[in-house]
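Residues per chain are reported as follows:
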Amino acid sequence: MAAAKFFRRWYVLALLATGIVLLIGPCRFGYYSVCSVCGKIRHTSQRKLPLLEVPYWTENCEEETPLSEACRATGLVGDHQHEWLFGHGNNGGLSGFSCALGSGELITAASQSKEAAAFIKCVVRFESKDKAENWRKRLLDPLLSPAAVGAIENIGKFPAAGFDNAAEYVEWKKAHEKAVEDSIEEYRTHYLRD
Ligand SMILES: [Zn+2]
């Protein structure tokens, strides 16, 4: 009789524990990262049991962006080890909703900018690879990226379709290059002073 009672107690406890795990878990965690070399985006989905920090299942999915496509097509970036910067993630669950931000968030707008991608292609085509390389670095540097992409899109109003010939590009350059460079310089002196 005593043994039966003992087993019944354990049976109820095991049932309760399983119920709790099923009720509050497994937790899903989703986030994305951006490569600071080419601008590709990686989406990551993870599952973990409640209270455990180590995920038992992870799935990654890479997404080409306008900028990563431009860097690859122009040969600015070849085969490389992606340098993933954490962008943004959230952890949904009954325990609450938490959110995390990383420096990858700061280069997301540039990586997804059609104007920045068209600009990079035109600089390679009508000017030089060195100059385009300098712009790639600015666009994918978390500190400078917001100013660089803002300058191309808003100050320079660079067309998302780019330019088909050197004359049109040179005309754009004459009209906007100084204002574009000045705005980045102003950002650097105002916000990046150490
Ligand atoms: Zn990369």
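Fair warning: this is a prediction, and the values are worked out from it, not measured in the lab. Each chain has its residues counted from 1, running along the sequence as written. Given that the model is predicted, a residue must reach a pLDDT of at least 70 before its local features are reported, and side-chain atom pairs must reach 80 or more before they are shown or counted; all residues, however, enter totals for whole chains, interfaces and linings.

Caption draft 1: Molecular detail of the overall build of the chain. Under the scheme used here, helices are H or I runs from DSSP no shorter than 4 residues and strands are E runs no shorter than 2 residues, and both carry numbers assigned from the N terminus. Across its full length, the chain holds seven helices and five strands. Helices and strands appear in the chain in the N-to-C order α-β-β-β-α-β-β-α-α-α-α-α. For every residue, the other C-beta atoms within 10 Å of its own C-beta are counted; 20 or more classify it as buried, 12 or fewer as exposed, and values in between as partly exposed. C-beta atoms are placed from the backbone. When burial is assessed residue by residue, the chain has 27% of its 194 residues classed as buried. A pair of residues counts as a contact when their C-beta atoms, built from backbone coordinates, are within 7 Å of each other. Partitioning the intrachain contacts of the chain with sequence separation of at least 6 by distance along the chain shows that 65% fall at a separation of at least 24.

Caption draft 2: View of helix α7 (residues 166–191). A helix is expected to reach a length of 1.5 Å times the quantity of its residues less one. The terminal C-alpha atoms of α7 lie 35 Å apart, and with 26 residues this matches the ideal 38 Å at 1.5 Å per residue to within 8%. Throughout, bend refers to the angle between the axes fitted to the seven residues that end at a position and the seven residues that start at it. Considering bend angle alone, the principal kink of α7 is centred on His176 and spans about 50°.

Caption draft 3: Spotlight on unusual backbone geometry. One non-glycine residue, Lys157, lies in positive phi territory at about 45°. Its place among the elements puts Lys157 in the loop between α6 (145–155) and α7. We classify Lys157 as partly exposed; it has 13 C-beta atoms within 10 Å.

Caption draft 4: Quick look at the nonpolar core. Nonpolar cores are identified as sets of buried Ala, Val, Leu, Ile, Met, Phe, Trp, Tyr and Cys residues joined via C-beta atoms within 7 Å. Ranked by size, the top nonpolar core spans 34 residues in total, and within it Leu67, Ala110, Ala116, Ile120, Ala148 and Ile152 carry the most contacts. Taken together, the elements giving at least two residues each to this core come down to β1 (27–35), α2 (66–73), α3 (105–111), α4 (114–126), α5 (129–139), α6 and α7. Among the elements that take part in this core, α4 stands out by supplying seven residues, more than any other. Discounting residues that sit within four places of it in the chain, Ile152 has contacts with Glu115, Ala116, Phe119, Phe158 and Val180.

Caption draft 5: Molecular detail of the packing of α6 against α7. Direction vectors running N to C along α6 and α7 enclose 150°, while the axes themselves pass 9 Å from each other. Judged by the sense of rotation from one axis to the other, the crossing of α6 with α7 is right-handed. Contacts between α6 and α7 involve Ala147, Ala148, Ala151, Ile152 and Ile155 from the former and His176, Ala179, Val180, Ser183, Ile184 and Tyr187 from the latter. For the contact of α6 with α7, the per-class residue count stands at nine nonpolar, two polar and no charged. Think of each axis as a best-fit line through the C-alpha atoms, taken over the contacting stretch in the case of a helix, with angles from 0 to 180 degrees between the N-to-C directions. In this scheme, a crossing is called left-handed if the near helix is turned counterclockwise away from the far one by less than a right angle; it is called right-handed if the turn is clockwise. The nonpolar class holds Ala, Val, Leu, Ile, Met, Phe, Trp, Tyr, Cys and Pro. Asp, Glu, Lys and Arg form the charged class, and all remaining residues, Gly among them, are polar.

Caption draft 6: View of the environment of Arg72. Within the element layout of this structure, Arg72 appears in helix α2. For the pair formed by Arg72 and Cys38, sequence separation is 34 residues and the distance between their alpha carbons is 7.7 Å. Not counting residues within four places of it along the chain, the set of residues in contact with Arg72 comprises Cys38 and Val77.

Caption draft 7: Quick peek at the packing of α4 against α6. At a minimum axis distance of 9 Å, the contact between α4 and α6 shows a crossing angle of 90°. Comparing their axes, α6 and α4 come out roughly perpendicular. Contacts from Glu115, Ala116 and Phe119 of α4 reach α6 at Val149, Ile152 and Glu153. The residue makeup of the contact of α4 with α6, split by class, is four nonpolar, no polar and two charged. Roughly parallel means an angle under 35 degrees; roughly antiparallel, over 145; roughly perpendicular, 65 to 115; everything else is oblique.

Caption draft 8: Highlighting the pairing of strand β3 (residues 57–63). Of all the seven residues making up β3, zero are buried; the element is thus mostly uncovered. Where strand β2 (residues 41–48) lies against β3, seven bridges are found, and the strand directions are antiparallel. Its bridge partner lying in β3, Arg47 is registered against Trp57. Strand pairing is assigned whenever DSSP identifies at least 2 bridges connecting the two strands.

Caption draft 9: Spatial organisation of α6. Inspection of α6 places Ser145, Ala147, Ala148, Val149, Ala151 and Ile152 among the buried residues, and these make up the whole buried set. Residues of α6 that are buried in the fold lie against α3, α4, α5 and α7. Where α6 terminates, the next one or two residues include Lys157, which has phi positive at roughly 45°.

Caption draft 10: Structural context of the environment of Asp130. Tracing the sequence through the fold places Asp130 in helix α5. For Asp130, a count of 9 C-beta atoms within 10 Å corresponds to the exposed category. Residues Asp130 and Leu76, 54 residues apart in the sequence, show an inter-C-alpha distance of 9.1 Å.

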